[in-house]
Amino acid sequence: MENIIEVDIVSTEFLYEKYNNKLISKELLDYIINNYNYNKKDNIKIVINNKTGEKNIIPLIKNSIKNEYYSKIKDHKNNNMIQFIYFIIGTIFLIGSILIGKSAIINELLLIGGWVLIWESIEIEMFADYDNRIKRKKLKKLLNCEIIEKKVQ
């Protein structure tokens, strides 16, 4: 099955990022990503109806998709590091709650704090990292898709 994403570029103000003419606008990139319903077996095609007369739009779009993909990989690595730190600190708190048996209040605070940090690391994996993983798969598929530019008057 073929998945076609049509993009109408009417003006250059909607094409480029506000402060960097070497990247497409964030809104355009989000439009492309959100209009692609990820399926491993689909062939994707992006059709650009260029009404601006601008040249070299295809490499610009490819470069922006690639930059977004590497940004999501970086986010994934940061999430993994945060998860690891939360898990280690939570485990230390749990062990501390076992070792400190004298004060019931401190014991309970360490126990609750430890479980909160461990559950926070699990929550990152289940929700934030899941959305990031889906977006990375979409971006990887979009990097290898066919982009066709049509000059429209």
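Residues numbered from 1 in each chain as written. Predicted model: local features only at pLDDT ≥ 70, side-chain atom pairs only at ≥ 80, totals over all residues. Heavy atoms only, no water.

*Asks:* Requested: an account of the overall build of the chain, with residues and values cited.
*Replies:* In terms of helices and strands, the chain carries three helices and five strands. Counting helices and strands in the order they occur from the N terminus, the chain gives β-β-β-α-β-α-α-β. Taken over the C-alpha trace, the chain has a radius of gyration of 23 Å; the compact-globule value for 153 residues is 15 Å, which it surpasses by more than 25%. In the chain, which comprises 153 residues, the share counted as buried stands at 33%. Of all intrachain contacts in the chain linking residues separated by at least 6 positions in sequence, the fraction that spans at least 24 positions is 81%. (Helix = DSSP H or I, 4+ residues; strand = E, 2+ residues; numbered from the N terminus. Rg over C-alpha atoms; globule rule 2.2 N^0.38 Å. Buried < 20%, exposed > 50% of the residue type's maximum accessible area, 1.4 Å probe, protein only. Contact = heavy atoms within 4.5 Å.)

*Asks:* Which residues make up the pattern of salt bridges, and what values do they have?
*Replies:* Tallied over the entire structure, the rule returns five salt bridges. For lysine 26, the salt bridge goes to aspartate 30, with nearest N and O atoms at 3.9 Å. A residue pair is termed a helical-turn pair when its members lie 3 or 4 positions apart in one helix, as lysine 26 and aspartate 30 do in helix α1 (residues 26-34) at four residues. Salt-bridge contacts for glutamate 68 lead to lysine 26; the nearest nitrogen and oxygen are separated by 3.2 Å. Taken as a pair, glutamate 68 in helix α2 (residues 57-99) and lysine 26 in helix α1 lie far apart in primary sequence, 42 residues in all. Through salt bridges with shared partners, a single network forms among Lys26, Asp30, Glu68, Lys72 and Asp75. (Salt bridge = Lys/Arg side-chain N within 4 Å of Asp/Glu carboxyl O.)

*Asks:* Give a description of the pairing of strand β3 (residues 20-24) that names residues and reports values.
*Replies:* Pairing of strand β2 (residues 16-17) with β3, which is carried by two bridges, proceeds in the antiparallel orientation. Bridge pairing links tyrosine 16 to isoleucine 24 in β3. Connecting β2 to the antiparallel partner β3 that follows it, the hairpin turn spans two residues. (Pairing = 2+ DSSP bridges.)

*Asks:* Provide a residue-level description of a nonpolar patch on the surface, including the pertinent values.
*Replies:* A cluster of nonpolar side chains, namely Met81, Phe84, Ile85, Phe87, Ile88, Ile89, Ile92 and Phe93, defines an oily patch on the protein surface of about 730 Å² accessible area. Following the sequence through the fold, isoleucine 92 ends up in helix α2. (Patch = residues over 30% accessible without salt bridge, like charges linked within 9 Å, V, L, I, M, F, W, Y side chains within 5 Å. Areas by Shrake-Rupley, 256 points an atom, 1.4 Å probe, with all protein chains shown as cover.)

*Asks:* Hey, could you go over the nonpolar core for me, with residue numbers and the actual values?
*Replies:* Most often, soluble globular proteins have nonpolar side chains that are buried together. Ile5, Ile32, Ile46, Ile61 and Leu142 are the most contacted members of the largest nonpolar core, which totals 23 residues. It is α2 that contributes the most residues to this core, five residues altogether. When neighbours within four sequence positions are excluded, isoleucine 61 is seen to be in contact with Ile24, Ile32, Ile48 and Ile147. (Core = buried A, V, L, I, M, F, W, Y, C linked by side-chain atoms within 4.5 Å.)

*Asks:* With reference to specific residues and values, describe helix α3 (residues 104-143).
*Replies:* With 40 residues, α3 should reach 58 Å at 1.5 Å per residue; the first-to-last C-alpha distance of 56 Å fits that figure. Residue aspartate 129 marks the point of greatest curvature in α3, where the axis turns by about 40°. (Expected span 1.5 Å × (residues − 1). Bend = angle between axes of the 7 residues up to and from the residue.)

*Asks:* If you had to explain the sheet that holds strand β5 (residues 146-151) to someone new, which residues and values would you point to?
*Replies:* Taken in spatial order, the three strands line up as β1-β4-β5 in an open sheet, and their pairing is parallel. Edge positions in the open sheet fall to β1 (2-9) and β5, since each of these has one partner strand only. Sheet twist, expressed as the average angle between the axes of neighbouring strands with direction ignored, equals 20°. Alignment of strand β4 (residues 43-50) against β5, held across six bridges, turns out to be parallel. For lysine 45, the partnering residue across the bridge sits in β5 and is glutamate 146. Of the strands in this sheet, β1 and β4 touch α1, which is tilted by about 160° from β1. Most of the contacts of α2 go to β5, to which it runs at about 145°, and overall it touches β1, β4 and β5. (Axes fitted to C-alpha atoms, helices over the stretch in contact; angles between N-to-C directions.)

Any functional reading would require information beyond the geometric quantities listed.
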